[in-house]
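Letter by letter, the chains look like this.
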Amino acid sequence: MSEQETPKGYWKDARGSLIPASKVKDVDKARDATVRKIAKAAMAMQRALADFKTAAMAEVTEFADRSAADYGVSWGGEKGNITLTTFDGELRVIRAMQDSIAFDERLQIAKTIIDECVHAWAKGSNHKIQALVNHAFQVDKAGQVSVGRVLGLRQLAIEDERWQQAMQAIADSMQVVTSKAYLRVYQRGADGKYRPIALDLSEA
């Protein structure tokens, strides 16, 4: 039952039960009103911040395209990281693009090849490398592996044909599933360091 469907003269509790208004304590009514007032203002602020981000992102893209046009380039400024700074260096706007990466079935193929490599090499280094491999392929509660740990294996300087084949399988298995844009605004302090203009309540 929605809030609009609650019969007049009744309050609906957290379990969905209808309570006569006369049975609801004044302090509970006051608490309800306080929370609703704050939440309503928060949702309005959330919409305003979303509108601000959309408008600011569009302005950054428009400026990037205009700047590129000065060099006869059609760039498409909606992609890539961009840093814009005022002439006096006082203010700075950064648009950062972050890709979310996932792996397809070839990641497990790479794991199989890596395991074969470890077992085929001299026993002296087996345990250390196997521990590193197992750590890299650990999954979280959602069943996902850490992109950083898996890609860290590619930094190992191991000159082995099968190992290199596994590293190629890892590279081939990578898929960009989402790309998210972040907008950060900074102001330079007296010490010359840039500090973010907080748009997050936890940072304010």
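See the structure printed just above.
Residues numbered from 1 in each chain as written. Predicted model: local features only at pLDDT ≥ 70, side-chain atom pairs only at ≥ 80, totals over all residues. Heavy atoms only, no water.

(A) Representation of the packing of aromatic side chains. The full count for this structure, using the stated rule, is 0 aromatic pairs. The ring centre of Y194 lies 4.1 Å from the NZ or CZ of R92, which sits over that ring. (Phe/Tyr/Trp six-rings, centres within 6.5 Å; stacked < 30°, edge-to-face > 60°. Lys NZ or Arg CZ within 6 Å of the ring centre and 35° of its normal.)

(B) Summary view of the pattern of salt bridges. Under the defined criterion, the tally for this structure stands at 7 salt bridges. A salt bridge links R31 to D28; the shortest N-O distance between them is 2.7 Å. In this pair, R31 and D28 both sit in helix α1 (residues 26-69), 3 residues apart, roughly one turn of the helix. Classification of D28 as partly exposed rests on a relative accessible area of 30%. The partner of R162 in a salt bridge is E116, with the nearest N and O atoms 2.4 Å apart. Remark: E116 occurs in helix α2 (residues 106-120) and R162 occurs in helix α5 (residues 161-173); sequence separation between them is 46 residues. Residue class for R162 comes out partly exposed when judged on its relative accessible area of 36%. What makes E116 partly exposed here is its relative accessible area of 41%. (Salt bridge = Lys/Arg side-chain N within 4 Å of Asp/Glu carboxyl O. Helix = DSSP H or I, 4+ residues; strand = E, 2+ residues; numbered from the N terminus. Buried < 20%, exposed > 50% of the residue type's maximum accessible area, 1.4 Å probe, protein only.)

(C) Main features of α1. Under the 1.5 Å per step criterion, the end-to-end length of α1 is 64 Å for 44 residues, consistent within 8% with the ideal 64 Å. Those residues of α1 that fall on the buried side of the exposure criterion are A56, M57, V60, T61, A64 and A68. Buried-residue contacts for α1 involve β3 (82-85), β4 (91-103) and β5 (174-188). (Expected span 1.5 Å × (residues − 1). Contact = heavy atoms within 4.5 Å.)

(D) Spatial organisation of the nonpolar core. Grouped together as the largest cluster of nonpolar side chains are 21 residues, with contacts concentrated most on L107, I114, F137, W163, M167 and I170. For this core, the secondary-structure elements that each account for two or more residues are α2, α3 (123-136), α4 (147-153) and α5. Ranked by residues supplied to this core, first place goes to α2 with 6 residues. Apart from residues lying up to four places away in sequence, W163 is in contact with I114, C117, W121, L153, L156 and I158. (Core = buried A, V, L, I, M, F, W, Y, C linked by side-chain atoms within 4.5 Å.)

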